[in-house]
Amino acid sequence: MPKDTMTRRALLRCAAWSSVAAMTSTTAFAGVDAPYPAQPVTWVIPFAPGGATGRLSLLICDRLTRRLGQPFVLDHRPGAGGATATKSVASTAPDGYTILATSTANVITASTDRSPDADLIPVAGMARMPLLLLVSRQLPVKTLPEFLAYAKANPGKLSVGSAGPGTVQLLSAELFRTLGGLTWSTVHYRGSGPALTDLASGHIHAMFDNAASAVDLLRSGKVRALAVTTREHAAAFPDLPPVADVLPAFETSGFYGVAVPHGTPKAIVELLNREINAALADPDISRQFAEVGATPLTGDVGVYTATYRAEIMHWRKLVPQVSAKN
């Protein structure tokens, strides 16, 4: 039986509620032509299945489907480190029927590109979580210092996976490589799911990824975790040291939220914010978040927008630090 009860339960619920959604009432708003939602809502995931963005989104969409009476359907659109899906959603009609699940890749891009408010409106947070330094079981290391020593002793021989350009997985690896004075080959994938598959089979040696993505492989012993990327120990992984224990300037984390196209009615934005916050307060969702080290990001639209902009400023300072040394 699959151990990922989080995914299984949510899929079953979504399937059941999709069949009765048409019989459930919707809500009317001033300034909105029709009750919302009056039809299925597309929830776009910018990466391949199997990653943290999709897993967190599945929980939230299950809750929204049950509460709002229309199916919130996950649509995976991988490519260009999330840029393909982001551009696609930004160009759709601002009617609340196409929603983007954002990740750290969005704030990283915004930190080096134009204003984050140009085409998308931040709606609500989902979670913040540490990344893990993961290695293949075939690699002869079991601790963080051993991995650093092995990488230094074997320059250019390691292959390290990336979830795509501009992702927190890649930037975490680049920061580690920069601070450690290392050289290795980077292998880009269209999301962390395919990269994890290759890590488990030994096709690549290491990668940084969120626990929500890697939890099944960790439980089955197919990959090994050596450290967390946050400066403090993570409650969900008390035995894993922070990377900062050996590289003091190192600190990264995953940041997940929701956005809609610019021009979406304020009433719809606020409704989605309230319902997503209600989902995050659900004890079952809170428990499942805690199991993978995820901390819910709650707050109204204004609070989340401020948090989103602060995250952009964090990466605006960090990205040049990595780029300047490579």
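These notes cover the structure that comes with them.

Cut-offs and rules
Residues numbered from 1 in each chain as written. Predicted model: local features only at pLDDT ≥ 70, side-chain atom pairs only at ≥ 80, totals over all residues. Heavy atoms only, no water. Phe/Tyr/Trp six-rings, centres within 6.5 Å; stacked < 30°, edge-to-face > 60°. Helix = DSSP H or I, 4+ residues; strand = E, 2+ residues; numbered from the N terminus. Buried < 20%, exposed > 50% of the residue type's maximum accessible area, 1.4 Å probe, protein only. Contact = heavy atoms within 4.5 Å. Pairing = 2+ DSSP bridges. Axes fitted to C-alpha atoms, helices over the stretch in contact; angles between N-to-C directions. Expected span 1.5 Å × (residues − 1). Left-handed = near helix turned anticlockwise from the far one by under 90°. Nonpolar A, V, L, I, M, F, W, Y, C, P; charged D, E, K, R; others polar. Polar contact = N/O pair within 3.5 Å; in protein donor to acceptor, adjacent residues only side chain to side chain. Right-handed = clockwise from strand over helix to strand, strands pointing away.

As enumerated under the stated definition, the model contains nine aromatic pairs in all. Measuring from centroid to centroid gives 6.3 Å for Phe176 and Phe250, while their planes differ by 75°, and the two rings are edge-to-face. With a gap of 74 residues between them, Phe176 in helix α6 (residues 168–180) and Phe250 in the loop between β9 (223–228) and β10 (254–261) connect regions that are remote in the sequence. With respect to class, Phe176 is no different from Phe250; both count as buried. Here Phe255 and Tyr304 contribute two aromatic rings whose centre-to-centre distance is 6.2 Å and whose plane-to-plane angle is 10°, an arrangement assigned as stacked. Here Phe255 is found in strand β10, whereas its partner Tyr304 is found in helix α11 (residues 301–323), with 49 residues between them in sequence. Considered together, Phe255 and Tyr304 belong to a single accessibility category, that of buried residues. An aromatic cluster of three or more residues is present, and its members are Phe147, Phe176, Trp184, Phe208 and Phe250.

Turning to the environment of Glu311, a few remarks are in order. Here Glu311 lies in helix α11. Looking at Glu311, the relative accessible area reads 7%, which means it is buried. Distance from Glu311 to Ser111, taken between C-alpha atoms, is 8.7 Å for residues 200 residues apart in sequence. Setting aside residues up to four positions removed in sequence, Glu311 forms contacts with Val107, Arg128 and Phe255.

Here we take up the sheet that holds β9. Strand order in the open sheet made by the five strands is β7-β6-β8-β5-β9, with mixed pairing throughout. Each having just a single partner strand, β7 (185–188) and β9 make up the two edges of the open sheet. Strand after strand, the sheet turns through a mean of 30° between neighbouring axes, direction not considered.

Along its 13 residues, α6 runs 18 Å from first to last C-alpha, staying within 8% of the 18 Å computed at 1.5 Å per residue. Across the 13 residues that make up α6, a large majority, 12, are buried. Among the residues trailing α6, Gly181 stands out with phi positive, at a value near 65°.

Our next topic: the packing of helix α2 (residues 52–68) against helix α9 (residues 266–281). Between two packed helices, what matters for the description is the angle formed by their axes and the separation of those axes. Where α2 meets α9, the closest approach of the two axes is 9 Å, and the angle between their N-to-C directions is 115°. Handedness of the crossing formed by α2 with α9: right-handed. Packed against α2, whose contacting residues are Ile60, Arg63, Leu64, Arg67 and Leu68, the element α9 presents Leu271, Glu275, Ile276, Ala278, Ala279 and Leu280 at the interface. Grouping the amino acids of the contact of α2 with α9 by side-chain chemistry returns eight nonpolar, no polar and three charged.

Turning to the side chain of Thr264, a few remarks are in order. Take Thr264: it is sitting in the loop between β10 and α9. Residue classification places Thr264 among the buried positions, given a relative accessible area of 5%. A polar contact is formed between the side chain of Thr264 and the backbone oxygen of Pro261, at a distance of 2.7 Å. Discounting residues that sit within four places of it in the chain, Thr264 has contacts with Pro94, Asp95, Gly96, Ile121 and Val269.

So, about the pairing of strand β6 (residues 159–162). Residues of β6 alternate between two faces, with Ser159 and Gly161 on one and Val160 and Ser162 on the opposite face, all of them buried. Relative to β7, β6 runs parallel, the two sharing four bridges. Among the inter-strand pairings, Ser162 is bridged to a residue of β7, identified as His188. Taken together, β6, α6 and β7 constitute a β-α-β crossover, and its handedness is right-handed. Alignment of β6 against strand β8 (residues 206–210), held across two bridges, turns out to be parallel. The residue bridging Val160 from the neighbouring strand is Ala206, located in β8.

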